[in-house]
Amino acid sequence: MTGKTAFETKYGFARKDVRLDNWRLAPFNRWSFQNVGELVPSAHVAAASGGEEQAKSLGALLEEKISLAGGSETVEGFLKRSDTDGLAILKAGKPVGDWSAPHMPFGARHIIFSISKSVTAVLAGILEGEGLFDPNAPVTKYIPEAKGSAYGDASVRNVLDMTVSLDFEEAYLDPESAFARYRRSTLWNPGGGSESLAAFLMTIQRLAEPHGQTYRYRSPNSDMLGILVERASGKRVSELLSEKLWLPLGAASEMSVTVDMEGTARTAGGMSMTPRDLARIGEMMRQGGMANGRRIVPEAWVRDTVATGGSHEAWQRGTMVFLFPKGRYRNKWYQTGHDSGAFCGIGIHGQWLYVNPKAEVVIAKMSSQPEPVDEKLDYDIVAFLEALSRMV
């Protein structure tokens, strides 16, 4: 009888056990969320050349207590309970500290799921500032073939703010749903390769309600946004990320984004990066669109996105009002409505980019939660992130 491999000892299962049909399930996601490119075709975006980053310990902060709904917990205790893989905290742009689970080395990349939407919207903001992208234009200005679909009479603004009246449900766990067909078109599920992502998007129909009235969280909108920025710019998403964001940001490590059979980027959820680099995006937004002394995205766009824009009424009609009762949603970013002015990007399975302007703190939290959505845990995570940002 042979002994366990180093892989099995570290993760508790063999590499051959991780497949396209189970990579988002626990316990396999502890490895797959850091290695998506071994399962799904991906485009890569190189970082600027520079020295290797070093982890900075959170030290005694890990033993500090935080009060949550179920009682007080230590910082480290909550990180473990919430299946955190990696954490990075910045204060006034400087690293406060990092934390990694045993199965995620510092500097490893991790999928950020729907925070990809927020990153893609930054590209849209950059192009808008360059006069190449009109958020008030009809979708068909850039994608004429969207006529006849739900997007045929929608505006780009509807796409950006998730107010397209889309007849589609985010049924993460139903293998027979339209959502499963959507996942196959992205090559995220077995059986893909016969229908492209763009082709699938053009088949989705609309509800009777007019566009613009209700916030509806529908991921296809954000894949549509990726196609919109490609059409407006004439460049692939991976090229735009490199030229407009990753190199100007001073990112320290390579990032990647999954692609479909035609090379179309999964801008709704396919990006992977390190916690530190994700935090850099949050810091750029906290700084009003600036990084390394240069402007990346217009200040007016950032202010509209994180503070003043978005329909409170549309948010109130949506299904996520429970998390941020005073919130809004603008350009794929959440405004919390908290006194701290906090805003964030959120992804399934516990991905968070939380920016607290009042405390000058940015927190990137990457996780491998077993469930795609855990509303009870989300309450605790928001309280944890608010408390942690005040402590550092």
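Residues numbered from 1 in each chain as written. Predicted model: local features only at pLDDT ≥ 70, side-chain atom pairs only at ≥ 80, totals over all residues. Heavy atoms only, no water.

As annotated in an unreviewed UniProt entry, the protein carries the name Serine hydrolase and comes from Mesorhizobium australafricanum.

Things to note about the pattern of salt bridges
What counts, and what does not: Any Lys or Arg side-chain nitrogen found within 4 Å of a carboxyl oxygen on Asp or Glu counts as a salt bridge. Each residue's exposure class comes from its accessible area (1.4 Å probe, protein chains only) as a fraction of the maximum for that residue type: buried when under 20%, exposed when over 50%, partly exposed otherwise. Working definition: helices are DSSP H or I runs of at least four residues, strands are E runs of at least two. Numbering for both runs from the N terminus.
In the structure shown here, the tally under the stated rule is 25 salt bridges. The salt bridge involving Asp17 is made with Lys16; its shortest N-O contact spans 3.6 Å. Judged by its relative accessible area of 68%, Lys16 falls in the exposed class. In this structure, the salt-bridge partner of Arg218 is Glu169, at a minimum N-O distance of 3.5 Å. One end of the pair, Arg218, is in the loop between helix H8 (197-201) and helix H9 (220-233); the other, Glu169, is in the loop between helix H6 (156-160) and helix H7 (178-185), with 49 residues separating them in the sequence. Ionic contacts of the salt-bridge type, sharing partners, join the residues Glu53, Asp98, Arg276, Asp277 and Arg280 into one network.

A short note on the UniProt feature "domain: Beta-lactamase-related" (unreviewed entry) in the protein
Using the following cut-off: UniProt positions are given in the numbering used here, feature names are shortened, and annotations may be inferred rather than shown by experiment.
Here, the residues flagged by UniProt with the feature "domain: Beta-lactamase-related" (unreviewed entry) are residues 86-382. The span residues 86-382 shows a helical share of 34% and a strand share of 17%, and its end C-alpha atoms are spaced 17 Å apart.

Description of the packing of helix H4 (residues 115-129) against H9
When two helices pack together, their arrangement is captured by the angle between the axes and the distance separating the axes. Rule in force here: For helices, the fitted axis covers only the stretch in contact; all axes are lines through C-alpha atoms, and the angles between them, taken along N-to-C directions, range from 0 to 180 degrees. By definition in this entry, angles of less than 35 degrees are roughly parallel, angles greater than 145 are roughly antiparallel, angles of 65 to 115 are roughly perpendicular, and the rest are oblique. Working rule for handedness: look at the near helix, and if it is turned counterclockwise from the far one by less than a right angle, call the crossing left-handed; if clockwise, right-handed. In this description, contact between two residues means that some pair of their heavy atoms is separated by no more than 4.5 Å.
Contact geometry for H4 and H9: axes closest at 10 Å, N-to-C directions at 25°. By the angle class used here, H4 and H9 are roughly parallel. Viewed along their axes, H4 and H9 form a crossing whose handedness is left-handed. Where H4 abuts H9, its residues Lys117, Thr120, Ala121, Ala124 and Leu127 lie against Ser222, Leu225, Gly226, Val229 and Ser233.

Describing the side chain of Ser155
Tracing the chain through its elements places Ser155 in the loop between helix H5 (139-142) and H6. When its relative accessible area of 16% is taken as the criterion, Ser155 is described as buried. Contacts of Ser155, omitting those with residues within four sequence positions, involve Asn136, Ala137, Pro138 and Val139.

Considering the nonpolar core
For clarity, the cut-off: Put simply, buried Ala, Val, Leu, Ile, Met, Phe, Trp, Tyr and Cys residues joined by side-chain atoms within 4.5 Å make one nonpolar core.
Ranked by internal contacts, the top residues of the largest apolar core, which has 75 residues, are Phe133 and Leu228. In terms of residue count, H4 provides more of this core than any other element does, eight residues in total. Beyond its immediate chain neighbours, meaning those up to four positions away, Phe133 contacts Ala124, Leu127, Glu128, Tyr142, Val156, Leu225, Leu228, Val229 and Ala232. In terms of nonpolar packing, the next biggest core, distinct from the first, is built from 36 residues, Val75, Tyr215, Tyr354 and Ala359 among them.

What to know about the packing of aromatic side chains
Put simply, the test is: Only rings of Phe, Tyr and Trp enter the pairing, Trp through its six-membered ring, and a pair is recorded when the two centres are within 6.5 Å. The plane angle decides the type: under 30 degrees is stacked, over 60 is edge-to-face, the rest tilted.
Across all of its chains, the model carries 24 aromatic pairs by this definition. Centroid distance Phe7 to Tyr11: 4.7 Å. Interplanar angle 40°. Geometry classified as tilted. Within this pair, Phe7 and its partner Tyr11 are both found in helix H1 (residues 6-11), separated by four residues, close to a single helical turn. For Tyr11, a relative accessible area of 8% corresponds to the buried category.

What about helix H10 (residues 237-249)?
Formally: What the bend at a residue measures is the angle between two axes, fitted to the seven residues ending there and to the seven starting there.
In H10, a bend of some 35° at Glu243 exceeds every other bend along the element. Those residues of H10 lying buried are Val237, Ser238, Leu240, Leu241, Lys244, Leu245, Trp246, Pro248 and Leu249. Phi for Gly250, located one or two positions after H10, is positive at around 75°.

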